Amino acid sequence: MNCTKCKTKAVISLPRHNAAFCKGCFNGFVHDQVARAIKSEWMFGKEERILVAVSGGKDSLALWDILLKLGYRADALYVNLGIGTYSEQSHAKVTKFAEVVAASHGATLHLHTVEQEAGAGIKELAQLIHRPTCSTCGTIKRYQFNRVAIEQQYDVMATGHNLDDEAARLLGNVLHWQEEYLEKQGPSLPASVEGFAKKVKPLYRLSERELAAYAVLNRIDYIVEECPMAKGSKMLQYKEVLNRLETESPGTKQTFYWGFLEKQSKKQPTATTMTEKDRAVLHPCTSCSQPTTAEVCSYCKMMVRAKTVVPR
Ligand code: Q46
Ligand code: ZN
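Throughout what follows, the structure given in this document is the object of discussion. (Residues numbered from 1 in each chain as written. Chains lettered and ligands numbered in written order. Predicted model: local features only at pLDDT ≥ 70, side-chain atom pairs only at ≥ 80, totals over all residues. Heavy atoms only, no water.)

### A short note on the overall build of the chain
So, step 1. Along its length, the chain carries 13 helices and 10 strands.
So, step 2. In terms of overall dimensions, the chain is globule-like: its C-alpha atoms have a radius of gyration of 20 Å, near the 20 Å expected for 312 residues.
So, step 3. Scored against the burial criterion, the 312 residues of the chain give a buried share of 48%.
So, step 4. If the 41 positive side-chain charges of the chain are averaged to one point and the 33 negative ones to another, these points end up 3 Å apart. (Helix = DSSP H or I, 4+ residues; strand = E, 2+ residues; numbered from the N terminus. Rg over C-alpha atoms; globule rule 2.2 N^0.38 Å. Buried < 20%, exposed > 50% of the residue type's maximum accessible area, 1.4 Å probe, protein only. Lys, Arg positive; Asp, Glu negative; His and termini not counted. Charge placed at Lys NZ, Arg CZ, Asp CG, Glu CD.)

Here's what the structure looks like:
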C-alpha cells in the first residue's frame, strides 16, 4: 500500500476518504482537516487566545499539539477528578506533555483539583450529594473550564470532541428527539451571554481512529484507558453501533454528522435564535456571577452541599 499523495510506503489507510498516507502526508492531512474546521466554522484567529480542555486522552492532547504546531496561542486546563489511578495516570500524562511539548511553544497548563475545592473526589462527592457521578462531573468540568476561560480572559475554549463523539451524540439526540440539544450540537457555539466563553470543537472532521494514529505516530504519550465511570454508558453503545455501520459502509459517520451540519446551516433562522433564548433566561449567579437560570448556579449549590456533607 502506497501513499496516495507522495507514493512512498503508506502507514495508514483511510477507507472513508479512499486514501492511504505515509507519516508526513498523514500529519499534513490531519492538520489540514483541523485548519478547515477552524476556518469554515469561524472558530478563532491567530491572535486569539485559546484554552484547550485536556483530559490526558489522545483527542485533547492531539488537539493541543495540532493547535500549537499550526501556530495558535493555545494554553490548556486539566481538571483532576480524583478517580484513583485513572486520575493519577492521566494527570501525569498531561503534565509530561505540558513540560516536554507545550512548554517549548511557550504554552501554559492550568490545573484544577476537585478534591481540593470540594473536599472529596468526584465519586465520593457524587454519592454524598446523591447525584450520578457523570452529571456531577459534567457540572464541575463545564463550570471550571468556563471560569478559567473568563477569569484568564481567553477568547475561546476548545474541546477534543471528534467525529465519533459528535456522531454518537447526534444519534442519541435524534433517538430521543432532544431538539434543544440538537440546536446546540454545532462545532462552534458563540458566547451567548456575558460570562460564558465561546466553545469550539476543532476535531469534528477527524475520527477516533485517525486521532489515535496521529497520537501514536507523533509519540504523544496519552492515557489509553477510558474513565472507569464511562463503562456501559449510552455514548459507548451508540459508538459501537456506528462503528458496525462504518465497517460495512465507510463514511457513514461523516455523512450522518456533516449532513446534519449542512442542514443546520441551511435552516432559516427561527423567530428566536439560541442566543436570544439564552439571553432571556440566563442571569448572573448571586454567589459566583456565572450565568445561570436559577438564583444560585448548580455548581455553587453543589459546593454548599459538599461543605455540609463532606467530612473534613
Ligand atoms: S463524565 Fe463520567 Fe466522563 Fe466524568 S466521570 Fe468519567 S465518564 S470523565 S466524559
Ligand atoms: Zn455560582
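### Some remarks on the coordination of the zinc ion (ligand 2)
So, step 1. Surrounding the zinc ion (ligand 2) are the protein donor atoms Cys285 (SG), Cys288 (SG), Cys297 (SG) and Cys300 (SG), at 2.3 to 2.4 Å.
So, step 2. Because the angles between the 4 donor atoms bound to the zinc ion (ligand 2) fall within 105 to 114 degrees, the donor set is best described as tetrahedral.
So, step 3. For the zinc ion (ligand 2), all donor residues lie on one chain, and their spacing in sequence is C-x2-C-x8-C-x2-C. Taken together, the positions of Cys288 in the loop between strand 9 (283-284) and strand 10 (291-292) and Cys300 in helix 13 (residues 298-309) put the pair 12 residues apart, joining distant regions of the chain. (Donors = N, O, S within 2.8 Å, 3.2 Å for Na, K, Ca; no water. Tetrahedral: all angles 85-135°; square planar, octahedral: opposite > 155°, others 65-115°.)

### A word on the sheet that holds strand 4 (residues 73-80)
So, step 1. Strand order in the open sheet formed by 6 strands is 5-4-3-6-8-7, with mixed pairing between adjacent strands. Two strands lie at the open edges of the sheet, namely strand 5 (109-113) and strand 7 (188-189), each paired on one side alone.
So, step 2. In this structure, strand 3 (residues 49-54) lies alongside strand 4, joined through 6 bridges in parallel fashion. Directly across from Val52, in strand 4, lies its bridge partner Ala76.
So, step 3. Helix 2 (residues 58-69) rests against strand 3, strand 4, strand 5 and strand 6 (156-158) of the sheet, and its axis sits at about 155 degrees to strand 3. (Pairing = 2+ DSSP bridges. Contact = heavy atoms within 4.5 Å. Axes fitted to C-alpha atoms, helices over the stretch in contact; angles between N-to-C directions.)

### Structural notes on the nonpolar core
So, step 1. Ranked by size, the top nonpolar core spans 58 residues in total, and within it Trp64 and Leu67 carry the most contacts.
So, step 2. Ignoring sequence-local partners within four residues, the contact set of Leu67 consists of Val34, Ile38, Phe44, Ile50, Val52, Tyr72 and Ala74.
So, step 3. Grouped together as the second largest cluster of nonpolar side chains are 32 residues, Ala120, Ile129, Ile140 and Ile223 included. (Core = buried A, V, L, I, M, F, W, Y, C linked by side-chain atoms within 4.5 Å.)

### Some details on the packing of helix 7 (residues 163-175) against helix 10 (residues 234-248)
So, step 1. Across the interface, helix 7 lies against helix 10 with an axial gap of 9 Å and an inter-helix angle of 105 degrees. The angle between helix 7 and helix 10 places the two elements in the roughly perpendicular class. Along the contact surface, helix 7 presents Asp164, Asp165, Ala167, Ala168, Arg169, Leu171, Gly172 and Leu175, while helix 10 presents Met235, Tyr238, Lys239, Leu242 and Asn243.
So, step 2. Taken together, the residues of the contact of helix 7 with helix 10 sort by class into 7 nonpolar, 2 polar and 4 charged. (Parallel < 35°, antiparallel > 145°, perpendicular 65-115°, else oblique. Nonpolar A, V, L, I, M, F, W, Y, C, P; charged D, E, K, R; others polar.)

### Describing the pattern of salt bridges
So, step 1. Inspection of the entire model under this criterion finds 13 salt bridges.
So, step 2. Here Glu210 ties to Arg16 by a salt bridge, and the two come within 2.6 Å at their closest N and O atoms. Note that Glu210 is positioned in helix 9 (residues 208-217) and Arg16 in the loop between strand 1 (12-14) and strand 2 (19-21), a separation of 194 residues in sequence.
So, step 3. Taking the relative accessible area as the measure of exposure, Glu210 reaches 2% and is therefore buried.
So, step 4. Lys201 is the partner of Glu166 in a salt bridge, and the nearest nitrogen-oxygen pair spans 3.1 Å. Here the residue Glu166 occupies a position in helix 7, and Lys201 occupies one in the loop between strand 8 (198-200) and helix 9, the gap between them amounting to 35 residues. Lys201 matches Glu166 in its accessibility class, with the two residues each being buried.
So, step 5. Put simply, Lys93, Lys96 and Asp221 are held in one network by salt bridges that share partners. (Salt bridge = Lys/Arg side-chain N within 4 Å of Asp/Glu carboxyl O.)

### With respect to the pairing of strand 5
So, step 1. A one-sided burial pattern is seen for strand 5, the buried positions being His110 and His112 and the unburied ones Leu109, Leu111 and Thr113.
So, step 2. Two strands pair when backbone bridges link them, and strand 4 and strand 5 are joined in this way by 5 bridges, in the parallel orientation. When the sheet's bridge partners are listed, Tyr78 is paired in strand 5 with Leu111.
So, step 3. Between the parallel pair strand 4 and strand 5, the chain is carried across by helix 3 (residues 84-100), and the sense of this crossover is right-handed. (Right-handed = clockwise from strand over helix to strand, strands pointing away.)

### Some details on the site of ligand 1
So, step 1. Ligand 1 sits among Leu81, Cys134, Cys137, Lys141, Cys227, Met229 and Ala230.
So, step 2. When grouped by side-chain class, the residues that make up the shell around ligand 1 number 6 nonpolar, no polar and 1 charged. (Near = heavy atom within 4 Å.)

### Things to note about helix 10
For an α-helix the count is 3.6 residues per turn, leaving residues at separations of three or four pointing the same way.
So, step 1. End to end, helix 10 covers 22 Å across 15 residues, agreeing with the expected 21 Å (1.5 Å per residue, within 8%).
So, step 2. Residues of helix 10 that are buried: Tyr238, Lys239, Leu242 and Glu246. Looking down the long axis of helix 10, one finds its buried residues gathered within 100 degrees of arc, a one-sided arrangement. In this structure, helix 10 carries Glu240, Arg244, Thr247 and Glu248 as exposed residues pointing more than 90 degrees from its buried face. (Expected span 1.5 Å × (residues − 1). Arc of directions from axis to C-beta.)

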